[in-house]
Structures are given as structure tokens and as C-alpha cells.
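# Structural description and commentary
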Amino acid sequence: MSTSGQSSQNVWVGIDIGGTFTDFVIYSPSEQSLQRFKILSTPADPAEAVLQGLSQLPHHPGRHIVHGSTVATNAILERKGARTALITTKGFRDVLLIGRQNRPELYDLFPVIPPPLVPREWSFEISERVDCEGNILTPLQEHDLVSILEMLRGDGIQSVAVSFLFSFVNPAHEQWVTKRLRDEGFFVTGSSEILPEFREYERTSTTVVNAYVSPVLDTYLGRLEREMNPAEFHIVQSNGGRISVAQARGHGVRSILSGPAGGVVGAQYMAGLAGFTRILTYDMGGTSTDVALVSETIHVTTEAKIGGNPIRVPVIDIHTVGAGGGSLATVDAGGNLRVGPQSAGAQPGPVCYGRGGTIPTVTDAHVVLGRLPTDGFLGGRMRLNVEAAQQAFDDLSRQMVLAPRSGLDIRQTLALGMIQIANVHMERALRVISVERGEDPRETVLVAFGGAGGLHACDLARALGIPHVLVSPLAATLSALGMLAADVQLDYVQTVMLPGSTPIEILEQSTQPLVDQGQKDLHREGVDPDQWCLSRTVDVRYVGQSFDLAVPLTPHFQEEFHRIHHERYGYNQIETPIEIVNVRVRAVGQVTPPTIPTRPLGSADPIAAKWEDRPVVLPQGIQPVPHYWGNRLCPGHEINGPAILVLDDTTVYLGPTDHAAIDRYSNILIKVGATDG
């Protein structure tokens, strides 16, 4: 970043809004100090929690904010975005309704298909046509827009998506309509601006999603900017990079998965310091669990869906399941126990929070099992109500026919069952992101974070054969830390449709406009030129295929494509001609991440961190288990399971055969036993 980032007057604040808690990490470059805290989220108005947390910090003239927002995500999932219309080429108004006709559930005879974000009555057509080579077949009938404008105003439309056929080749018609609509005061997204790429359904869907969420995000960010008055204000994108708020306001679709993306960046950073480059990230929060694979580099995809709507912008390849600390336990019609995906959220939250919850959650299960000390939560600042949690399990047990396990009462039996069900959901997610991507989880390290991750990580690693678990001392706020470690990152794409024999000089020439735009945008973002890094890739496929693979643009990109294809799909066809579908450029402005303090290794004896022994329910029954204060654990300490490590904002459970050691960054590195005792 600019040299101003190193001023002694500056402080950097990373903010991540979760379903239950909003996390803050504060870094002072001059003092190289890190502080962090959590407050309960305010789902009805997420900005309230952000402003409330910032009010607890001393006023600082050089406050730089990097924020991960769920506002765009919630706008889609809750269908609370702007009133949006679509204007497209005549004959294509139903592109969102037709879609791809894919069937996610192949044998479901009664599939429920989410309705498009734009209803059919707000989908409008204009007479114009451009062919696949950019030639104008039908000139734009400008007078068609006059009647459309009247209907837009009459229906109170706030935002308009414009997506014409083949506008990625020749955007002239789309640009004229976009400018005219903006002159009339509408928020407008043109497909050639957001995604100049072929496949009309995905391009139109991405454009509509951006038009739908951006006005909501713009209002939210505008309020924060006015009330926080930061020296700099950045938003983390779904690709793991940050951009300025000025850029983010018109590109809300790029920030839909910003919170989880920050977690992956933070996990990669902390794991890298510990010497690990092949990791599975495991972020268990209050509402959901996000998992991702990092193999040297973070995996990014352009094939993602949010609320049933495809988005083709680059996003970190994250798999999410509805299992978190706040996941609710219910009994289905057959009398079986279910966990999630419904969540207690921040209001009322788990029963043990004492905020009005009555249905037991995964967090309540840990309280009943003795794995979550009621007087050590959030460093003792928030006492948990074990009696209320027990009462909730009593109420739940009356809905089931269930015999207690040997040595346990009915509450503990139910709580243990809840943990096992939640673990199965999360184990399946980890398999999706690793085994289904052709990666062996046994060759990775599981990096666990989020407020609840440390309580489940060893069990999950054991089930998958993962030998080691890494838990950072910043685990509960790792997403917020990752936002401070995120580089400025901008992605550009252009469909070219060229034969695979095209000389590399021609391909480099095709990417040059994207490179020029990337350099221009990095300059506008305030990044020093010596921190710029631009890379070029091409999307390649065999002629006749409907999917493609991203390959670095080098003189040997053809051979690399064959290799990647074989690695991904188990075969290649070297004799088959290939074609280049898209060219891509990634512009990165490298930043200096927060310095993580280190301490020298000392004694292996952890007695100085010992708190006391307390009864805990293990798979073998109830037994006294040593508890340790996380803030007293020092580098060099080693702990044999079973044990409970109580950090200020997270708790780690070690099974009977697990062994933990503290490294010089105060990470907890756990060697996972093959069995649970």
C-alpha cells in the first residue's frame, strides 16, 4: 500500500460480521501490537454492531478499515435487495426463467426452483441484435426505451440490469442504454462492465445479482463511511482480495462471500508462518461452517451460486454447510434427531446465552457435556446458563423415544448425539472440498478457526485421517485478521474464442487492454507501483467441450492444459485440438500483513497454565479432565489429551489420544490420535 500505511499515526481495523458475533482485530504498525474482541451481531441492522464495536476503540486520526460484509449475501438469501428490472435483447426476456434446466436433485419429482430475482413483468426487451463476431445485425431501436422508462418509473424500479446478446464482443448498444438509464437517475449494471464473458444465462444472472444487491450495499457502506470517517475504507471481495469502498459500491456481486474469504486468507497466512502450505481451512461459526482447500495457493473458481443464482465472478472455492454453534436441534416426523440448518443466530442465540432461546443448539450441547466452561466464555465476561441449557434438553427429550447411554443421563446422551450429527455434516463438507477435488485430506493440515472450530476439529481430523490440526491463538477472529492480510486484488476477463494454435504474442496482445485497466485501477487504489503484480491466464478446453480450465499464459500453455486436465479428470486427449475461450488478468497490489509476535520455546511442562480438573463427558463416559488457560500457555508447552484449552474467545477439545504442542507463534499444533481412546 502507500507509504502512509506505515505512519505511526495509523491503525488498521479488520471487521468481520458473523451470524452470531461481529469480530474486530486492531493492528498498530508502529507498535506491532494486535488487539481483538467480539460483540454480539445485530442482524436487524448489521451496521449497529460495527459502530458499537468501533465506539469502544480510542479515536484515532489515521484509522484504516478493512471490512467483510454479509449485507450483499443477506440481501439475496432473504430476498431483500433493490427493486430490479432487466433489459435484454428482444426474444430473450425469459433467459433467467429458462436457465440451464439443471436438476440438482436428479430423482426429486417435485423440485422447488427459486424464482428469479427479477420477475417476468420487470423483464423488458429492446429490438437490437449483434452477432457472435460483433457485427450489428439489427440497429438499436432507441425509441423502445421511452416506453420502458415510463414502466420503470411507474413500478418504482430502483436498479436496472442491462444484458444484450453478444455484448461482450461489441458493447456499443449496451453502453448507450446504460448511459441513458444512468442519466435518468437509475442504478445501472451493464453486463459488459461486470462480466464481458460468453454464456448468456450466467452473464445475465451475474449482472442481475449485481444490480439487485449493489444499491443495498451502497446504502450500508455509505452510512458506515459517514459515521466512521476512516482514513481508508476497504471491502474484502469473494476472491480473497480487498478493494476500496468507492469501487465496491457498484460491484456488490464481488463481495458476496467476503467474510468466509477473509477466513481463508487468514488461515493461509497463519499456517504459512507455521510452515504449512497444504491445508484444509475449517471455519465453524455460530450459523454455518465454511471449508476450503489451500494447496500452495488459494483455489479460486468462477462457478458459484448464491441463493440459486449463478455468479461467474471469481470467488474462493468455499463449501458451506448449515452447521454452527447456533444450529438448532429438532425432531423430525419420524422421531429422529436433526441438527441445523436453522440457527438461533445472535438473537436469541443459544439457550445458555440467556437471551430468550428455548431450543437447544450445538453450543448448548457442549455446555451440557462440560466441554464449554460456563465461567470461561469470552474470557469470563459472559457467563453461560447451564441450567437453562439442561432444561432445553429435557424439553427436547420428551419429543423422542430415547434411552440414555450407559453412565450418562438423557440430556448428555442427546447432547453427544447432537455433536456426532453436526460432525457428520462438517465431515461431509470437508470431503467435498478435498476428496471430490482430487486431493487427499491425509496430506493436509486442518486449520481450525471460528468461535466453535476448536471443539470439533480433532474429531473431524480423526475421521478423515488428517494427522495434524492447527489452532491459531487468533482463531476466533481469524477472518478479521485475514482481512488485514488480504492484498488488493482485481480480476478481469474477456471472451476471445481463439484456436489453441494461436501464437502467444497474439494472446498477450489480447490481454493487454486488461493489463492496462488493472494498472489503472491499482493506481486508483493507492498501491505503489513497486507492489504491483499482474498475472495472465487463459481458459482452455478441447474443441467440443462445454467446460474449460484456467491455465497460466506461458509459451507452454498447451502442454500445461493437457497436464491439468489429466490431473483433474484422470485423462487427456493430446491429439484433440484445443481452443482458448477467455483471457484473464489478475492485478494484485501486495500489502504488508500484520506482524504476529513470537516468543522463544520454553519448558514442555504446562503446569503454569493449569486451571483445574472438571468432569467432562467423553465417548467412554464421564471423567475428570484437566482444563488449561489459553492465555497462560507458552511456546514449548505440551499437553496430552483428554484436555480442554480455554482461550479468551474459543475453546479447544483434545481427545484422549491427542497431543498438543505450542509453537513460537503461540499456535496450538495438535497431533491427532488414530482413535478417541
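Residues numbered from 1 in each chain as written. Predicted model: local features only at pLDDT ≥ 70, side-chain atom pairs only at ≥ 80, totals over all residues. Heavy atoms only, no water.

## Comments concerning helix 5 (residues 172-183)
For clarity, the cut-off: Strands are runs of DSSP state E lasting at least two residues, helices are runs of H or I lasting at least four, and both sets are numbered from the N terminus onward. Expected helix span is computed as 1.5 Å times (number of residues minus one).
Here helix 5 is 12 residues long and its end C-alpha atoms lie 17 Å apart, about the 16 Å a rise of 1.5 Å per residue gives. Positive backbone phi, at 100°, marks G185, one or two positions downstream of helix 5.

## Here's the deal with the pairing of strand 21 (residues 327-331)
Regular strands have side chains that alternate between both faces of the sheet. What counts here: Strands qualify as paired when DSSP identifies two bridges or more between them.
Relative to strand 22 (residues 337-343), strand 21 is paired through four bridges, and the arrangement is antiparallel. Bridge pairing in strand 22 links A329 to V339. Between strand 21 and strand 22, which follow one another and run antiparallel, lie five residues, and G335 among them has a positive phi close to 80°.

## Some points on the packing of aromatic side chains
How we decide: In summary, the pairing rule links any two rings of Phe, Tyr or Trp, Trp by its six-membered ring, whose centres are within 6.5 Å, and it sorts them by plane angle into stacked for under 30 degrees, edge-to-face for over 60 and tilted for everything else. Note on exposure labels: buried denotes an accessible area under 20% of the residue type's maximum, exposed denotes more than 50%, and partly exposed covers the range between, all computed with a 1.4 Å probe on protein chains only. The rule is short: NZ of Lys or CZ of Arg within 6 Å of the ring centre and within 35 degrees of the ring normal puts a charge over the ring.
The tally for this structure, following the rule as stated, stands at six aromatic pairs. On the numbers, 5.2 Å between centres and 55° between planes, the contact of F547 with Y569 is tilted. Within this pair, whereas F547 is found in the loop between strand 26 (532-542) and strand 27 (549-552), its partner Y569 is found in helix 16 (residues 557-569), the two being separated by 22 residues in sequence. A relative accessible area of 29% places F547 in the partly exposed class. Judged by relative accessible area, which is 37%, Y569 ranks as partly exposed. A cation over an aromatic ring shows up here: R371 above the ring of Y653, its NZ or CZ 4.4 Å from the ring centre.

## Here's the deal with the side chain of E439
This is how it is decided: Only heavy atoms enter the contact rule, under which two residues are in contact if any of them lie within 4.5 Å.
As for its position among the elements, E439 is in the loop between helix 12 (410-433) and strand 23 (445-449). For E439, a relative accessible area of 19% corresponds to the buried category. Excluding its chain neighbours within four sequence positions, the residues that come into contact with E439 are R278, L293, S295 and S434.

## A look at the pattern of salt bridges
Here is the rule we go by: We define a salt bridge as a contact between a side-chain nitrogen of Lys or Arg and a carboxyl oxygen of Asp or Glu at a distance within 4 Å.
All told, the structure shown has 35 salt bridges when counted by the stated rule. For R312, the salt bridge identified is with E197, shortest N-O distance 2.7 Å. Note that R312 is positioned in the loop between strand 18 (309-311) and strand 19 (315-316) and E197 in the loop between helix 6 (191-194) and helix 7 (200-228), a separation of 115 residues in sequence. Residue R312 shares its accessibility class with E197, and that shared class is buried. Residues joined in a network through salt bridges with shared partners are D45, E48, R223 and E227.

## Observations concerning the side chain of D23
The following threshold applies: The definition of a polar contact used here is a pair of N or O atoms within 3.5 Å, where within protein one atom must be able to donate a hydrogen and the other to accept one, and adjacent residues in sequence count solely through side-chain atom pairs.
With respect to the secondary-structure elements, D23 resides in strand 2 (residues 21-28). Assessed through its relative accessible area of 6%, D23 is described here as buried. Only 2.8 Å separates the side chain of D23 from the side chain of K38, close enough to count as a polar contact. In contact with D23, other than residues within four places in its own chain, are G14, I15, D16, F37, K38, A476, T477 and A480.

## Things to note about the nonpolar core
Selection rule: Only buried residues count toward a nonpolar core. Its members are Ala, Val, Leu, Ile, Met, Phe, Trp, Tyr and Cys residues joined through side-chain atoms within 4.5 Å.
In terms of nonpolar packing, the biggest core is built from 104 residues, with Y282, L446, V469, I668 and I670 touching the most fellow members. Element by element, the count of residues in this core is highest for helix 12, at 10 residues. Those residues in contact with I668 that lie beyond four places of it in its chain are V469, L470, V471, L645, L647, V652, A660, A661 and I662. Core analysis: the second largest hydrophobic core is formed by 49 residues, A47, V527, F557 and V585 among them.

## Considering the sheet that holds strand 33 (residues 651-654)
Put simply, the rule is: Working convention: axes come from line fits to C-alpha atoms, limited for helices to the stretch in contact. Angles between N-to-C directions cover 0 to 180 degrees.
The four strands lie next to each other as 29-30-32-33, forming an open sheet whose pairing is mixed. Where the open sheet ends on each side, the last strands, each with one partner, are strand 29 (610-618) and strand 33. Averaged over neighbouring strand pairs, the angle between their axes works out to 25° when direction is ignored. Both strand 30 (residues 621-629) and strand 32 (residues 643-646) contribute to a ladder of three bridges, which runs parallel. Within strand 32, the residue paired with Y628 across the bridge is L645.

## Considerations on the environment of I607
If you trace the backbone, I607 turns up in the loop between strand 28 (578-589) and strand 29. Residue I607 is classed as exposed on the basis of its relative accessible area of 57%. The spacing of I607 and V543 is 64 residues in sequence and 66 Å in space, taken between C-alpha atoms.

## Focus on the confidence of the model for the protein chain
We apply this condition: Confidence of the predictor at the level of single residues is given by pLDDT, which spans 0 to 100.
Residue-level pLDDT values for the protein chain average 90, and 98% of them are 70 or greater. Contacts from residues 1-8, a stretch scored under 50 in pLDDT, to residues over four places away or in other chains number 24 contacts.

## Notes on the packing of helix 10 (residues 362-369) against helix 11 (residues 386-397)
We apply this condition: For classification purposes, angles smaller than 35 degrees are called roughly parallel, those larger than 145 roughly antiparallel, those between 65 and 115 roughly perpendicular, and all remaining angles oblique. Amino acid classes used here: Ala, Val, Leu, Ile, Met, Phe, Trp, Tyr, Cys and Pro are nonpolar; Asp, Glu, Lys and Arg are charged; the rest, including Gly, are polar.
Relative to each other, helix 10 and helix 11 sit at 110°, their axes nearing to 9 Å. By the criterion of interaxial angle, the relationship of helix 10 to helix 11 is roughly perpendicular. Every residue of helix 11 that contacts helix 10 at D364, A365, V367 and V368 is listed here: V386, A389, Q390 and F393. Partitioning the contact of helix 10 with helix 11 into residue classes produces six nonpolar, one polar and one charged.

## Points about the sheet that holds strand 10 (residues 187-190)
The four strands are arranged 6-5-9-10 in an open sheet whose pairing can be described as parallel. Lying at the two open borders of the sheet, with one neighbouring strand each, are strand 6 (123-126) and strand 10. If you compare each strand with its neighbour and ignore which way they point, the axes differ by 20° on average. Alignment of strand 5 (residues 84-89) against strand 6, held across four bridges, turns out to be parallel.

## Focus on unusual backbone geometry
Glycine aside, negative phi is the norm for most residues, and most peptide bonds take the trans geometry. Along the chain, G641 connects to P642 via a cis peptide bond; the corresponding omega equals 0°. Within the chain, N229 stands out as a residue other than glycine whose phi angle is a positive 50°. Relative to the assigned elements, N229 resides in the loop between helix 7 and strand 11 (232-236). Residue M497 is not a glycine yet carries a positive backbone phi of 50°. Here M497 shows up in strand 25 (residues 488-499). Overall, the relative accessible area of 36% leaves M497 in the partly exposed class.

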